[in-house]
Amino acid sequence: MDLRHLKYFLAVAETRNFTQAAASCYVAQSALSQQIARLEKDVGAQLFSRTSRSVRLTAAGELLEPLARRILADVDNARAALDALSGLRRGRLRLGLVQTRASSVDLVEVMADYHARYPGIDFHVTNAPSAEMAASVLAGDLDIAIVGLGPRQIPDGLDHQVLAADPLVLIVPADHALADADAVDLADLPESHQLIQFTRGSGLRRQVEAAFARAGVEPGQHFQVGQIHDMIRLAARGIGVTVVPRSSVFDGSVLPSVEDARSALPYGARALRIADEAAVHTICVVHDSKRLAPAGAAFLEVVERHAIRG
C-alpha cells in the first residue's frame, strides 16, 4: 500500500469529486483515478461508489478513511521525531484553537513565544466547535487542541490539562428587571426571555446549557450567534440576554464595581454574577500522549510556562 495512494484516497473522500481531488493533489484526473484503482486492487474492495452525479464512500471506504488518516499522521510524526534528533528545526504543528479566550493564558502570546523558539515549525490552525476539535485530536487530524470542555467532557483516550475555569456571567440590558441584582439564579429569568446562544457544539454552549439544566429551567427561546462580542452587543441592545465567560467582558479575577461595569459594557448593560458556582467555562489543552510529535510536546511546554506565569 503506497502512502501516495492513501493521500489520493483521502482527497477524494473529502471532496467527493475526482476532478477537485486531482486539482488539490496537483495531478491529472486520469492519473489519480488509476492510483485509486490500484489501491482498491491492493485492499481487495471497492472504496467509492461512483455515479454520473455523485461519489460516495462504500462501507470499505468508510472503514479505511480514519485508518488512512492515522497512518499518514504517524508518518508525519515519525519524520518530525527524526528531525528532532538534531533539534526542532522544521516541521508542522496542527493546532485547534477555541474561539473564546483562556483567562489565565494568552494564547496569542503562547504562539508568539513558541514561534520565537522554533521558527522552523509551521502552524496549521483550526477554529471549530470544541467537540469537533477534540475528536480531530483523537482521530490524529490535529496534534493539540485548546478546547472549551471540562475534564468529564473530553473523549476517552485523550490527555488534558486545565488552563482556566472562567466563571460565566449573565449579560442583561440596562432596563432589564434583574439589572440591579448583585447575583442571579438562572431560574429568576422571566419565562418570556430570549437567550442569545453561542455556536451549537461549542464548549461554551454546552456549559451554558448545563447551567440552565442545574437551575431546573429550559434555556427558553434563543437564537445562535457565532461571535461572543456580537452576543454581548445584542444583549445590551435589548434583543435578549446572554451568558458569556467573565474574561470576555472584564480582565481580572473579580467583577468590577457597578459604575465600572456600566462603563465597560455598551449602552449601560450589566454583567451579573451567576449564583451557581459550577457555572464556569473550562478551557483545557488536549492531546494524545501516545502520538504526540516533538513539535507538539514543545508547544505543551510553552503552554505550561505561560500557565504558571498566569
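Residues numbered from 1 in each chain as written. Predicted model: local features only at pLDDT ≥ 70, side-chain atom pairs only at ≥ 80, totals over all residues. Heavy atoms only, no water.

## Details of the overall build of the protein
Logical step 1: Along the backbone of the protein there are 10 helices and 12 strands.
Logical step 2: Counting all 310 residues of the protein, 45% fall into the buried class.
Logical step 3: When contacts within the protein are restricted to residue pairs at least 6 apart in sequence, those whose partners lie at least 24 apart make up 73%.
Logical step 4: Of the roughly 15600 Å² that the protein leaves accessible, carbon and sulfur atoms contribute 49%. (Helix = DSSP H or I, 4+ residues; strand = E, 2+ residues; numbered from the N terminus. Buried < 20%, exposed > 50% of the residue type's maximum accessible area, 1.4 Å probe, protein only. Contact = heavy atoms within 4.5 Å. Areas by Shrake-Rupley, 256 points an atom, 1.4 Å probe, with all protein chains shown as cover.)

## Quick look at the nonpolar core
Logical step 1: Ranked by internal contacts, the top residues of the largest apolar core, which has 34 residues, are L170, I171, V243, V244 and L265.
Logical step 2: Elements supplying a minimum of two residues to this core: β6 (159–172), β8 (194–197), α7 (203–215), α8 (228–236), β10 (241–245) and β11 (270–274).
Logical step 3: If we skip the residues at most four places from it in the chain, V244 touches P167, L168, V169, I171, I228, M231, I232 and V249.
Logical step 4: By size, the runner-up hydrophobic cluster in this structure holds 23 residues, among which are I146, A164, A298 and V302. (Core = buried A, V, L, I, M, F, W, Y, C linked by side-chain atoms within 4.5 Å.)

## Thoughts on the packing of aromatic side chains
Logical step 1: Applying the stated criterion across every chain, the model contains 6 aromatic pairs.
Logical step 2: Judged by centre distance (5.1 Å) and plane angle (55 degrees), the ring pair of Y114 and Y118 falls under tilted. Here the two residues Y114 and Y118 agree in accessibility, since each one is buried.
Logical step 3: An angle of 80 degrees between the planes, with centres 6.5 Å apart, marks the rings of F123 and F299 as edge-to-face. (Phe/Tyr/Trp six-rings, centres within 6.5 Å; stacked < 30°, edge-to-face > 60°.)

## Brief notes about the side chain of T242
Logical step 1: Assignment of secondary structure puts T242 in strand β10.
Logical step 2: There is a polar contact of 2.7 Å between the side chain of T242 and the backbone oxygen of I196.
Logical step 3: Every residue in contact with T242, bar those within four places of it in the chain, is listed here: V169, L170, I171, L195, I196, M231, I232 and A235. (Polar contact = N/O pair within 3.5 Å; in protein donor to acceptor, adjacent residues only side chain to side chain.)

## A closer look at the pairing of strand β12 (residues 280–287)
Logical step 1: Burial of β12 is extensive: 8 of the 8 residues sit out of reach of the surface.
Logical step 2: Side-chain alternation along β12 places V280, T282, C284 and V286 on one buried face and H281, I283, V285 and H287 on a second face that is also buried.
Logical step 3: Pairing of strand β5 (residues 144–147) with β12, which is carried by 4 bridges, proceeds in the antiparallel orientation. Looking across to β12, one finds that I146 is bridged to V285. (Pairing = 2+ DSSP bridges.)

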